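Close look at the chain arrangement
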Amino acid sequence: MNTTVKSLNKWANAHTNYGLDTLRISFGIFLIYKGASFITHSRAFEDLIAPVSNFMGGMLTFHYIAAAHIMGGIMMIFGLLTRWAIMAQLPIFMGAIAINFAGVMNANNLITATAVFSLGVFFLFYGSGKHSADYYFKMEH
């Protein structure tokens, strides 16, 4: 695993550019926005999970999603532990896709959720790139 991460980092650092860094930062800002939006629209989430709220642990899920989006977004902006931040978000991204099939299909939400999931998988493999806190801390040693 460690060798795989090192080889992915070497590839990413060799193929990095400011466009991918801008995409990573924009993705982080989007996650923070969605986390804040999720908090302000908590009633919609409560209505969505009402039938299975006892099964899912509704409040635990709500707090996990909000915290993961906000903290993950901050980590993505700085490029700090990017892969770990994405791994914490992947179940949320998959749930966002799946929720479209549970009730009324909303094409815009499905497209957004699929795009976010795809970006998450991309940054899971790509990492934070050369212009990031991860790269800076690695070069300090």
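Here is a short report on the structure shown in this document. (Residues numbered from 1 in each chain as written. Predicted model: local features only at pLDDT ≥ 70, side-chain atom pairs only at ≥ 80, totals over all residues. Heavy atoms only, no water.)

As for the side chain of R24
To keep things clear, this is the line we draw: Runs of H or I in DSSP of at least four residues are treated as helices and runs of E of at least two as strands, each being numbered from the N terminus. Residue burial is assigned from relative accessible area. The probe radius is 1.4 Å, only protein chains are included, and a residue is buried under 20% of its type maximum, exposed over 50%, and partly exposed in between. Whenever a nitrogen or oxygen atom comes within 3.5 Å of another N or O atom, the pair is scored as a polar contact, on the condition that within protein one atom can donate a hydrogen and the other can accept it, and that pairs from neighbouring residues in sequence are kept only if both atoms are in side chains. In this analysis, two residues are considered to be in contact whenever any of their non-hydrogen atoms come within 4.5 Å of each other.
Residue placement: R24 occurs in helix α2 (residues 18–40). With a relative accessible area of 2%, R24 lands in the buried category. In this structure the side chain of R24 is engaged in a polar contact, spanning 3.4 Å, whose partner is the backbone oxygen of I77. Excluding its chain neighbours within four sequence positions, the residues that come into contact with R24 are M76, I77, F78, G79, T82, F123, S128, H131 and S132.

With respect to the packing of aromatic side chains
Put simply, the rule is: Between 30 and 60 degrees the pair is tilted, below 30 it is stacked and above 60 it is edge-to-face, where a pair is any two Phe, Tyr or Trp rings, Trp via its six-membered ring, whose centres lie within 6.5 Å.
What the rule picks out here adds up to five aromatic pairs. Ring centres of F27 and F123 lie 6.2 Å apart, and the angle between their planes is 15 degrees; on these two criteria the pair is classed as stacked. Of the two residues, F27 sits in helix α2 while F123 sits in helix α7 (residues 107–126), which places them 96 residues apart along the sequence. Look at F123 and you get buried, because its relative accessible area is 0%. Here F122 and Y126 contribute two aromatic rings whose centre-to-centre distance is 5.2 Å and whose plane-to-plane angle is 10 degrees, an arrangement assigned as stacked.

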